[in-house]
Amino acid sequence: MAVTFPTDLEIARKARLMPMPEIAARMGIGPHLLEPYGHDVAKIKLDAIEELKDRPKAKYVVVSAITPTPLGEGKTTTTVGLGDALGLIGKRATVAIRQPSMGPTFGIKGGAAGGGHSQVVPMERLNLHLTGDFHAVTAAHNLLAAMIDNYIHHSLRDFPIDLHSITWRRVLDVSDRVLRSVVVGLGAPEDGVTRQTGFDITAASEVMAVLALSTSLQDMRQRLGRMVIGLARDGKPITADFLHAGGAMTVIMLDAIKPNLLQTLENTPVLVHAGPFGNIANGASSVLADLIGIHSGDFLVTEAGFGADMGAERFFNIKCRTSGLAPDAAVIVTTVRALKVHSGKYRVVAGRPLPPELLKENPDDVMAGAANLRKQVENIQIHGVTPVVAINAFPGDHASEHRAIRELSEHMGVRSAVCNNFVDGGKGATELAEVVADAADEPSHFQLLYPDAATLREKIEAVALRIYGARGVEYDPPAAKQLDAFEANGFGRLPVCIAKTHLSISSDPKLKGAPTGWVLPVREVRASVGAGFIYPICGEMRTMPGLPTTPIAASIDINEKGEIVGLS
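The structure presented is a predicted model; accordingly, all values stated were derived computationally and were not measured. (Residues numbered from 1 in each chain as written. Predicted model: local features only at pLDDT ≥ 70, side-chain atom pairs only at ≥ 80, totals over all residues. Heavy atoms only, no water.)

**Q** Account for the overall build of the protein chain, naming residues and giving values.
**A** Helix and strand content of the protein chain: 20 helices and 24 strands. Relative to the compact-globule value of 24 Å for 568 residues, the protein chain shows a C-alpha radius of gyration of 23 Å, a close match. Along the three orthogonal principal directions, the C-alpha set of the protein chain runs to about 75 × 55 × 50 Å. Burial status across the protein chain gives 58% buried among its 568 residues. Summed over its atoms, the accessible surface of the protein chain is roughly 22400 Å², and 54% of this surface lies on carbon and sulfur atoms. (Helix = DSSP H or I, 4+ residues; strand = E, 2+ residues; numbered from the N terminus. Rg over C-alpha atoms; globule rule 2.2 N^0.38 Å. Buried < 20%, exposed > 50% of the residue type's maximum accessible area, 1.4 Å probe, protein only. Areas by Shrake-Rupley, 256 points an atom, 1.4 Å probe, with all protein chains shown as cover.)

This is the structure we're talking about:
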């Protein structure tokens, strides 16, 4: 008789949650620093940073991955499992992750709270409204949008802003393709000035990136104020503070700036804060959460978005540059199926069954995709950080395929471990915990990829050539002009956040493995001055997702007991 594995929601509902003061106590945080949101979630006051600063620093571990398939390779699940496993081997660990967006939760991907027996709970609250931080970001962002259009309406005759230069759109935490391009101001003159604009998903808001990279309340106030929304007719940047919007936006964000405290199924403390878009922003949880977590035990395990070419690179060169924290080790999550896809023989499509041939035992296909893992290991080592390979095991894997990855890792001189925490919880990742602890004990030689003083072109080329393996960079004329303008306006010292596909180390999602000989095409460059980075755009970037043919929302409902069903 077939044995069915319970759903994530069923597993989460059986969790025995500890009261928040007890979870905080495991981090050395007293109840006076907590703001309860019910019995199972709390916010931590920023006073905790000052109160904890003289305590010893935890070992700082970032979890990244090889280039994923569209299904994802279990990075959050591994992050959670590692946190639990460290506790089982006698280490006090705290986990820090991003807050999920409701767009993917109701779309094609589902939630982002881990999976199986390595989850963050309460699952329903985490994947839905939590403490309202996403709503605060949405409101603050759209207040600025409203003030821009109000300023246009009242000052059109002597309006100093080039209307065509306005980049500030509106946001909503849903996936809704028809909002990508809209016209506002239709109707009578009192309804505003007609112009074309659009919506992004809330995670793509610069306000969200500001939340993730701020180091204090006053720092957030300054960052919100200096966000650039367009250009004056003379080419000078127009900021949110020019429109006197920064103060009100900060007030809306007053509670959102405080990190949220939750727990795993095994009662490991979890800091959940911010959720910046992984393609056009740094894609990691907040600096503030890490500034608290780094003094809260023996290990702080956090997560970077997408593969190491994007997530880890941005974590190192944007987040660590801002926080001043240096990682002690990095985990690279890999799977048999992803390495087989990187062999170039298979194609995985979200929402469709895996190709039958991919599921057959074939360690040669695993080795055929090894170039991607090798390059991602190298991308960690370039930054002076010790990598560990985590083999996230799936039920259809074969022991010979796991052995192939272990042998590959050994050949590269890096530690590896097979992880079964999806099924077994923390005890399924104790081998990983042991090798991560060993790696973190090695001397750290962390280094940034480029200095602040490098030009924007030098920074782009450093990432393209050293991390992506490109032969060179080509700039479309508009991109070259934008780079020159940003340098002239004093933005040249900012780091770069290259917006490209996450499905390839290259800028072409069809190129698997570790392609070489290609050229990175920069077609446009935008500035997130408040967040503190410049983002070159390489390829088509969708900042408002669409729903699939059958969205997850179609299966979510309430049963006769008033319980949520269908959430995944």
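**Q** Quick one: what's the story with helix α4 (residues 75–88), residue by residue and with numbers?
**A** For α4, built from 14 residues, the straight-helix expectation of 20 Å at 1.5 Å per residue is met to within 8% by its first-to-last C-alpha distance of 20 Å. Burial runs high along α4: 12 of the 14 residues are buried. When we look at burial in α4, the residues that qualify are Lys-75, Thr-76, Thr-77, Thr-78, Thr-79, Val-80, Gly-81, Leu-82, Gly-83, Asp-84, Ala-85 and Leu-86. At the exit of α4 stands Gly-90, carrying a positive phi of roughly 90°. (Expected span 1.5 Å × (residues − 1).)

**Q** Explain unusual backbone geometry residue by residue, including any values.
**A** A cis amide bond, omega 5°, links Val-121 with the succeeding residue Pro-122. Its place among the elements puts Pro-122 in the loop between β6 (118–121) and α6 (123–127). Residues other than glycine seldom take positive phi values, yet Asn-267 does so here, at roughly 70°. Relative to the helices and strands, Asn-267 is located in the loop between β13 (260–264) and β14 (269–272). According to the relative accessible area criterion, Asn-267 is buried, its value standing at 14%. A positive phi angle is found at Phe-306, which is not glycine, with a value near 60°. With respect to the helices and strands, Phe-306 occurs in the loop between β15 (299–303) and α12 (308–323).

**Q** Outline the pairing of strand β18 (residues 415–419), listing residues and values.
**A** Most of β18 is tucked away, with 4 of its 5 residues classed as buried. Bridge analysis of strand β17 (residues 387–392) against β18 gives 5 bridges, and the strand direction is parallel. Across the sheet, the residue bridging to Val-389 is Ser-416, located in β18. Note that the unit made of β17, helix α16 (residues 399–412) and β18 has a crossover that is right-handed. (Pairing = 2+ DSSP bridges. Right-handed = clockwise from strand over helix to strand, strands pointing away.)

**Q** Explain the nonpolar core to me, using residue names and the numbers behind them.
**A** Most often, soluble globular proteins have nonpolar side chains that are buried together. Ranked by size, the top nonpolar core spans 104 residues in total, and within it Ile-29, Leu-144, Val-207, Met-253, Leu-261, Leu-373 and Phe-533 carry the most contacts. Looking at this core, the element that brings in the most residues is helix α7 (residues 133–154), giving 8 residues. In this view, Ile-29 contacts Ala-24, Leu-34, Ile-44, Leu-52, Arg-55, Ile-292 and Ser-296; residues no more than four positions away in its chain are not counted. In this structure, Ala-470, Ala-479, Ile-534 and Cys-538 belong to the second largest nonpolar core, which totals 29 residues. (Core = buried A, V, L, I, M, F, W, Y, C linked by side-chain atoms within 4.5 Å. Contact = heavy atoms within 4.5 Å.)

**Q** Report on the pattern of salt bridges, specifying residues and quantitative values.
**A** Applying the stated criterion across every chain yields a total of 26 salt bridges. Among the ionic pairs, Lys-53 bridges to Glu-50, the shortest N-O distance being 2.8 Å. Overall, Lys-53 belongs to the partly exposed group, its relative accessible area being 42%. Here Glu-50 falls in the exposed class, since its relative accessible area comes to 53%. (Salt bridge = Lys/Arg side-chain N within 4 Å of Asp/Glu carboxyl O.)

**Q** Which residues make up the packing of α12 against helix α15 (residues 370–381), and what values do they have?
**A** Relative to each other, α12 and α15 sit at 5°, their axes nearing to 10 Å. Our classification of the angle between α12 and α15 gives roughly parallel. Each of Ala-308, Asp-309, Ala-312 and Phe-316 in α12 lies in contact with α15, whose residues at this interface are Gln-376, Asn-379 and Ile-380. Across the contact of α12 with α15, the residue classes tally to 4 nonpolar, 2 polar and 1 charged. (Axes fitted to C-alpha atoms, helices over the stretch in contact; angles between N-to-C directions. Parallel < 35°, antiparallel > 145°, perpendicular 65-115°, else oblique. Nonpolar A, V, L, I, M, F, W, Y, C, P; charged D, E, K, R; others polar.)

**Q** Explain the packing of aromatic side chains residue by residue, including any values.
**A** The full count for this structure, using the stated rule, is 7 aromatic pairs. Consider the rings of Tyr-60 and Phe-315, whose centres lie 5.6 Å apart with planes at 45°: the pair is tilted. Separated by 255 residues along the polypeptide, Tyr-60 in strand β3 (residues 59–65) and Phe-315 in helix α12 bring together distant segments of the chain. Phe-315 matches Tyr-60 in its accessibility class, with the two residues each being buried. Here the aromatic rings of Tyr-151 and Phe-242 are separated by 5.8 Å at their centres, their planes lie at 70°, and the arrangement is edge-to-face. With a gap of 91 residues between them, Tyr-151 in helix α7 and Phe-242 in the loop between β12 (237–239) and α10 (246–252) connect regions that are remote in the sequence. Judged by its relative accessible area of 25%, Tyr-151 is partly exposed. Taken together, Tyr-60, Phe-315, Phe-316 and Phe-446 form an aromatic cluster joined through their ring pairs. For the cation-ring pair, Arg-457 lies above Tyr-475, with the distance from its terminal atom to the ring centre recorded as 5.5 Å. Directly above the aromatic system of Tyr-468 lies the positively charged group of Lys-500, at a separation of 4.8 Å from the ring centroid. (Phe/Tyr/Trp six-rings, centres within 6.5 Å; stacked < 30°, edge-to-face > 60°. Lys NZ or Arg CZ within 6 Å of the ring centre and 35° of its normal.)

**Q** Please provide a residue-by-residue account of the side chain of Asp-309, values included.
**A** Looking at the secondary structure, you find Asp-309 in helix α12. On the basis of relative accessibility, which here comes to 1%, the residue Asp-309 falls in the buried class. Here Gln-376 takes part through its side chain, which lies 2.9 Å from a polar atom of the side chain of Asp-309. Among the polar contacts made by the side chain of Asp-309, one reaches the side chain of Lys-500 at a distance of 2.8 Å. If near-sequence neighbours (up to four positions away) are discounted, Asp-309 is found in contact with Thr-67, Gln-376, Asn-379, Ile-467, Tyr-468, Lys-500, Ser-504 and Ile-505. (Polar contact = N/O pair within 3.5 Å; in protein donor to acceptor, adjacent residues only side chain to side chain.)

**Q** Pulling in residues and values, what's your account of helix α8 (residues 206–213)?
**A** Of all 8 residues in α8, 8 are buried, a share of seventy percent or more. Among all positions of α8, only Glu-206, Val-207, Met-208, Ala-209, Val-210, Leu-211, Ala-212 and Leu-213 are buried.

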